[in-house]
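# Residue-level structural notes
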Amino acid sequence: MKNILITGGAGFIGSHVVRRFVRRYPEYTVYNLDALTYAGNLMNLRDVENAPNYRFIKADIRDFDTLDRLFAKHRFDAVIHLAAESHVDRSIENPTAFVHTNVLGTVNLLNAARKYWKDEPENHLFYHISTDEVYGTLGDQGMFTEQTCYDPRSAYSASKASSDHFVRAYGHTYGLPVVVSNCSNNYGPYQFPEKLIPLVIHNIIHRKPLPVYGTGQNVRDWLFVEDHANAIDLIFHQGRRGETYNIGGNNEQRNIDVVEKLCEITDEMLGRTPGESKALIRFVTDRAGHDWRYAIDTSKIQRELGWQPQTGWDEGLRKTVKWYLENQDWLQQVTSGAYREYYDKMYKKRLNE
Ligand code: NAD
Ligand code: TYD
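Summary of the structure given here. (Residues numbered from 1 in each chain as written. Chains lettered and ligands numbered in written order. Predicted model: local features only at pLDDT ≥ 70, side-chain atom pairs only at ≥ 80, totals over all residues. Heavy atoms only, no water.)

The next thing to look at is the pairing of strand 1 (residues 2-7). Every regular strand shows the same layout, with side chains that alternate between the two sheet faces. Of all 6 residues in strand 1, 5 are buried, a share of seventy percent or more. In this structure, strand 1 lies alongside strand 2 (residues 28-34), joined through 6 bridges in parallel fashion. Paired with Ile6 across the two strands is Asn32, which belongs to strand 2. For the handedness criterion, the β-α-β arrangement of strand 1, helix 1 (residues 12-24) and strand 2 is classed as right-handed. Note that strand 1 and strand 4 (residues 78-81) share 4 bridges and pair parallel. Directly across from Leu5, in strand 4, lies its bridge partner Val79. (Buried < 20%, exposed > 50% of the residue type's maximum accessible area, 1.4 Å probe, protein only. Helix = DSSP H or I, 4+ residues; strand = E, 2+ residues; numbered from the N terminus. Pairing = 2+ DSSP bridges. Right-handed = clockwise from strand over helix to strand, strands pointing away.)

Lining the immediate environment of ligand 2, one finds 17 residues, of which Glu133, Arg220, Arg287, His290 and Tyr347 sit closest. Here an oxygen atom of ligand 2 and a backbone polar atom of Tyr213 are 2.8 Å apart. Contact between ligand 2 and Arg287: an oxygen atom at 2.5 Å from a side-chain N or O atom of the residue. Within the complex, the protein chains bury 97% of what would otherwise be the 510 Å² of accessible surface of ligand 2. Put simply, the parts of the chain that give the shell around ligand 2 at least two residues each are helix 6 (196-205) and strand 8 (210-213). Examining the composition of the shell around ligand 2, we find that 3 residues originate from one element, strand 8, more than from any other. Class assignment of the residues belonging to the shell around ligand 2 gives a composition of 8 nonpolar, 4 polar and 5 charged. (Near = heavy atom within 4 Å. Polar contact = N/O pair within 3.5 Å; in protein donor to acceptor, adjacent residues only side chain to side chain. Areas by Shrake-Rupley, 256 points an atom, 1.4 Å probe, with all protein chains shown as cover. Nonpolar A, V, L, I, M, F, W, Y, C, P; charged D, E, K, R; others polar.)

Since the α-helix packs 3.6 residues into each turn, any two residues three or four apart lie on the same face. Spanning 14 residues, helix 12 (residues 338-351) covers 19 Å between terminal C-alpha atoms, matching the ideal 20 Å at 1.5 Å per step. Of all bends in helix 12, the biggest is about 40°, found at Asp344. Those residues of helix 12 not exposed but buried are Tyr339, Tyr342, Tyr343, Met346, Tyr347, Arg350 and Leu351. Buried residues along helix 12 sit against helix 3 (88-93), helix 6, strand 8, strand 12 (281-284) and helix 11 (328-334). Remark: Asn352 follows helix 12 within two positions and exhibits a positive phi of approximately 50°. (Expected span 1.5 Å × (residues − 1). Bend = angle between axes of the 7 residues up to and from the residue. Contact = heavy atoms within 4.5 Å.)

To continue, consider the site of ligand 1. Taken together, 30 residues are adjacent to ligand 1, and Ile13, Asp34, Ser86, Tyr156 and Lys160 come closest. Interatomic distance of 3.1 Å between a backbone N/O atom of Ala35 and a nitrogen atom of ligand 1. Taking Leu82, its main chain carries an N or O atom lying 3.0 Å from an oxygen atom of ligand 1. For ligand 1, whose free accessible area comes to 840 Å², the fraction covered by protein is 97%. Looking at which element gives the most residues to the shell around ligand 1, the answer is strand 5 (residues 125-131), with 3 residues. A breakdown of the residues in the shell around ligand 1 according to their chemical character gives 14 nonpolar, 11 polar and 5 charged.

Let us look at the pattern of salt bridges. Within this structure, the stated rule accounts for 25 salt bridges. Taking the shortest distance from any N to any O, the salt bridge between Arg20 and Asp233 comes out at 2.8 Å. You can see Arg20 sitting in helix 1 and its partner Asp233 sitting in helix 7 (residues 225-238), a full 213 residues away along the chain. With its nearest N and O atoms 2.7 Å apart, the salt bridge here joins Lys278 to Glu264. Here Lys278 is found in the loop between helix 8 (255-270) and strand 12, whereas its partner Glu264 is found in helix 8, with 14 residues between them in sequence. Among the residues examined, Lys278 registers a relative accessible area of 32% and is labelled partly exposed. (Salt bridge = Lys/Arg side-chain N within 4 Å of Asp/Glu carboxyl O.)

By themselves, these are just geometric observations and shouldn't be taken as functional.
Following this line, the structure appears as structure tokens:
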């Protein structure tokens, strides 16, 4: 029996990872530790919440004493660490929150793991989930490899970079068994509608303006979230200790193309007149320090673990739009209350609403 602690399991990517592990590994007990911030939602896990090998723990990684008690009680064998403040725009407004959760929270978890895994470290694993944004920004050419120097440029990416460094430092200094993966932009069901794709789908549904930062020419590499969960599963079970794996979709897209494609698919699925939603596009004030382009060289994970993305861009976007259209109660629930305040703060001036 293996006790696996997954942090941030009530969030977007975490919920897909929890679901996958609960279903595929009945011999594991999966503990989902989550503080249920604005981004965490137990509705994301309704389909597995009664599984016999699933437990939810409401706790905050900023609180070491609680983590200490939980490690003593449940004797976790491994950690998959996803809990984080994850949105760049929020990090521009409140960088300190990112230091507390992403840096101190990670160090708290590392300290707890170190304390309880003194014996037989080889039977344990601390798997840290990170982002390609730690590598900084690219011009029109080139790709991030595992050797690319860190060059974070937002408070979000600086806090994730810092946490990555701490994880590796604990590996080197204390012999903690660690592995890190750095992934590009994810999309899919259950993503909170502050990120580009679900925000645009939500606004299309409600015929609201679609805010595109700057010129819309910035490029992101997009990966369907279930492909990321699959990569996490492989790295968790077969990744080499002490290594870093880059994960990406081999799918670079300009923001404006993403938004236009979403307009086309959603109009088609809603039976609206073609072009109706594109008319809602507004070019708005750019994000401060907006990274230009991200692209990932995935040859290492492909070569070592045989992983590649399974979901094509068109297929993934269609699945995603369909999910949001069929789950408008979910959208409604997460956009009630504090979301309105957030949206007004971030977009009212930009859109002159
Ligand atoms: P998310 O914001 O959807 O979810 C984060 C989860 O962490 C939420 O459930 C939230 O309640 C929880 N959380 C936040 N602060 C906490 C705290 N102090 N204690 C306990 N729980 C806390 O994020 P996501 O998009 O699912 O990202 C998950 C991880 O993957 C993050 O570490 C992120 O940096 C990384 N990542 C995300 C992407 C992406 O495109 N979304 C890409 C690469 C890497
Ligand atoms: P986002 O989903 O916030 O992810 P990240 O900043 O981590 O890449 O944004 C994706 C891209 O879309 C990024 O270049 C910023 C841009 N963007 C907009 O143009 N408008 C928006 O309203 C949002 C949220 C993002």
